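# Coordinates in review
In case you want the letters, here they are:
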Amino acid sequence: MNILLTGGAGYIGSHTAVVLMQEGHEVIIFDNFSNSKRSVLNRLEKITGKLIVCIDGDIRNRSLVKQTLQYYKIDAVLHFAGLKAVGESSEDPLAYYDNNVAGTISLLMAMKSCSVKILIFSSSATVYGVPHYLPIDEKHPTDPESPYGKTKLQIEQILSDLAKSDSSWRIFALRYFNPVGAHESGLIGEDPNGTPNNLMPYISQVAYGILDKLKIYGNDYDTPDGTGVRDYIHVMDLAEGHLAALDYVGNHNEAFSVMNLGTGNGCSVLELVNLYEYEASKKIPYEISARRTGDIAACYANPEMAFLKMGWKSKKTLREMCFDSWRWASTSLQKHKD
Ligand code: NAD
Ligand code: WQD
């Protein structure tokens with residue numbers, strides 16, 4: 001298939017590009033590089049041994065998206081492009097609604113006019129909000145707290161309405177839990193700008209000596225060791241999940257579905273720190289600090305639907321997630337020290 005990856009130069013998109021190309025698909029990346037670097041493209045070529053086609057553009061540029069869909073005879077779109085910083089979305093909600101919601105509407109209009117009707121959308125477990133029960137299945141009520149989370153839910157609702165209006169669409173919204181880890185080559189991985197907000201890249205920078213110590217946001221939660229529990233999933237497993245979803249939408253008559261992509265296992269902050277220390281052979285100094293506003297005690301997926309429908313389940317262990325994060329950190333973080 002000819003597959004367009006909006007946001008394909010970013011963290012999850014670049015790993016998915018590798019898996020798709022290795023399966024023999026033609027991948028066309030469409031990215032405005034607002035949160036990624038062009039050097040990713042050379043690295044992807046190194047990993048796959050193939051030339052990467054990349055369009056430098058914004059998904060809100062509808063005529064450029066249309067031209068790209070037509071010129072490359074695109075069969076399906078994997079839509080990763082979006083802004084994703086929860087805190088920033090409260091400071092500048094308009095930027096989030098414009099980029100994520102308006103950007104998706106523009107993309108959908110371009111797709112509709114070119115009769116490209118297969119779409120896999122990067123949604124998030126953040127749409128569930130505070131868990132009412134665990135593990136979280138797809139029937140769990142949705143009630144996101146941040147503007148970022150609301151953009152994801154609004155997009156899901158738009159996609160659902162679109163599929164109701166025209167049953168020839170094949171749309172999958174994948175709700176990712178906490179993606180971590182990196183490709184085994186150590187050539188691509190998560191490379192946040194500035195001080196990381198997320199746990200794993202923060203731990204990596206402490207392990208590499210860029211940051212002094214980790215602040216653990218609260219050890220008085222109602223969890224086994226008091227620290228927050230999350231469902232960390234290896235980014236390569238997530239990439240495989242997209243392949244399974246593409247296969248599924250091509251062979252079933254469902255116009256719209258939502259699905260969790262998680263492991264089903266909860267891991268606490270302290271557990272992750274201990275595993276990382278072991279895998280990296282590095283001490284991770286930490287201190288316990290106050291809870292972070294908006295955090296929840298625990299969140300992990302019921303991943304059964306993905307297995308029952310698509311035969312997909314995560315394979316990689318937490319140790320592999322830590323080891324691969326460290327391998328990527330130790331090849332990529334030197335620039336922060338220079
Ligand atoms: P990322 O920031 O690394 O990648 C997103 C890519 O989209 C970047 O390369 C960026 O330059 C590009 N982009 C952003 N706006 C664009 C626009 N208007 N036009 C063209 N390109 C644009 O993020 P990621 O971690 O790879 O996440 C991919 C998707 O998955 C996002 O939609 C995110 O909301 C979603 N998601 C991420 C996580 C996570 O923890 N990483 C969890 C759940 C869902
Ligand atoms: C994990 C745990 C923190 C940093 C976020 C988004 C979510 C999704 C994934 C996009 C929590 C603790 C963290 C630190 C810490 N992204 N922590 N010290 O908050 O579960 O989810 O990323 O859709 O929408 O909200 O992930 O990695 O920030 O935190 O103690 O310096 O680590 O309190 O328990 P989170 P996270």
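Residues numbered from 1 in each chain as written. Chains lettered and ligands numbered in written order. Predicted model: local features only at pLDDT ≥ 70, side-chain atom pairs only at ≥ 80, totals over all residues. Heavy atoms only, no water.

## Looking at the sheet that holds strand β4 (residues 76-79)
The line we're drawing: Note on pairing: two strands pair once DSSP finds at least 2 bridges between them. Helix and strand definitions follow DSSP, with helices as H or I runs of at least four residues and strands as E runs of at least two, each counted in order from the N terminus. Fitting a line to C-alpha atoms yields each axis, with helices limited to the stretch in contact; the angle taken between N-to-C directions then spans 0 to 180 degrees. Contact definition: two residues touch when any of their heavy atoms are within 4.5 Å.
Spatial strand order, β3-β2-β1-β4-β5-β6-β11: seven strands in an open sheet with parallel pairing. Single-partner strands in this sheet number two, and they are β3 (53-56) and β11 (256-261). Along the sheet, successive strands turn relative to each other by an average axial angle of 20°, direction set aside. In terms of strand pairing, strand β1 (residues 2-6) meets strand β2 (residues 26-31) through five bridges, oriented parallel. Across the sheet, leucine 4 pairs through a bridge with isoleucine 28, a residue of β2. With respect to the sheet, helix α8 (residues 235-251) is in contact with β1, β4, β5 (118-124), β6 (170-176) and β11, its orientation differing from that of β6 by roughly 155°.

## Some thoughts on the site of ligand 2
Our working definition: In these notes, residues near a molecule or strand are those with any non-hydrogen atom within 4 Å of it. Pairing of N or O atoms within 3.5 Å defines a polar contact, subject to two protein rules: one partner must be a possible hydrogen donor and the other a possible acceptor, and residues neighboring in sequence count only if both atoms are side-chain atoms. Working definition of accessibility: Shrake-Rupley area with a 1.4 Å probe, residue cover restricted to the visible protein chains.
Inspection of the region around ligand 2 gives 19 residues, with Ser124, Tyr148, Lys215, Arg230 and Asp295 positioned closest. Here an oxygen atom of ligand 2 sits 2.5 Å away from a polar atom, N or O, in the side chain of arginine 230. Interatomic distance of 2.9 Å between a side-chain N/O atom of arginine 292 and an oxygen atom of ligand 2. If ligand 2 stood free it would expose 690 Å²; the protein chains cover 87% of that surface.

## Details of the domain arrangement of the protein chain
Rules: Reported domain spans reflect what an automatic or database domain assignment gives. Note on terms: buried area is the combined drop in 1.4 Å-probe accessible area of two parts once they are placed together, counting the loss on both. Think of a salt bridge as a Lys or Arg side-chain nitrogen and an Asp or Glu carboxyl oxygen that are within 4 Å of each other.
Assigned domains within the protein chain: domain 1 (2-180 + 233-261) and domain 2 (199-230 + 264-337). Domain 1 and domain 2 are separated by 24 Å when their C-alpha centres are compared. Taken together, the 29 residues of domain 1 in the interface contact 21 residues of domain 2. Both faces combined, the contact of domain 1 with domain 2 buries some 2200 Å², and carbon together with sulfur accounts for 71% of it. Taken together, the links from domain 1 to domain 2 amount to one salt bridge. For the salt bridge of glutamate 254 with lysine 309, the shortest nitrogen-to-oxygen distance reads 2.9 Å. Taken together, the connections running from domain 1 to domain 2 amount to eight residue pairs in polar contact (both at pLDDT 80 or more). Looking at the side of domain 1 that touches domain 2, the elements that each hand over two or more residues are β7 (178-180), β10 (232-234), α8 and β11. The dominant element in the side of domain 1 that touches domain 2, judged by the number of residues it contributes, is α8, at seven residues.

## Side note on the pattern of salt bridges
In plain terms, the rule: Burial here depends on accessible area, computed with a 1.4 Å probe over protein chains only, as a share of the maximum for the residue type. Under 20% is buried, over 50% is exposed, and the range in between is partly exposed.
Summed over all chains, the structure comprises 15 salt bridges. Between glutamate 287 and lysine 213 there is a salt bridge, with the nearest N and O atoms lying 3.0 Å from each other. With a gap of 74 residues between them, glutamate 287 in strand β13 (residues 286-289) and lysine 213 in the loop between α7 (199-207) and β8 (214-217) connect regions that are remote in the sequence. Note on lysine 213: relative accessible area 39%, which makes it partly exposed. Taking the shortest distance from any N to any O, the salt bridge between aspartate 324 and arginine 327 comes out at 2.4 Å. Of the two residues, aspartate 324 and arginine 327 both sit in helix α11 (residues 318-332), three residues apart, roughly one turn of that helix. For arginine 327, a relative accessible area of 26% puts it in the partly exposed group. The structure contains a network of salt bridges with shared partners spanning Asp58, Arg60 and Asp98.

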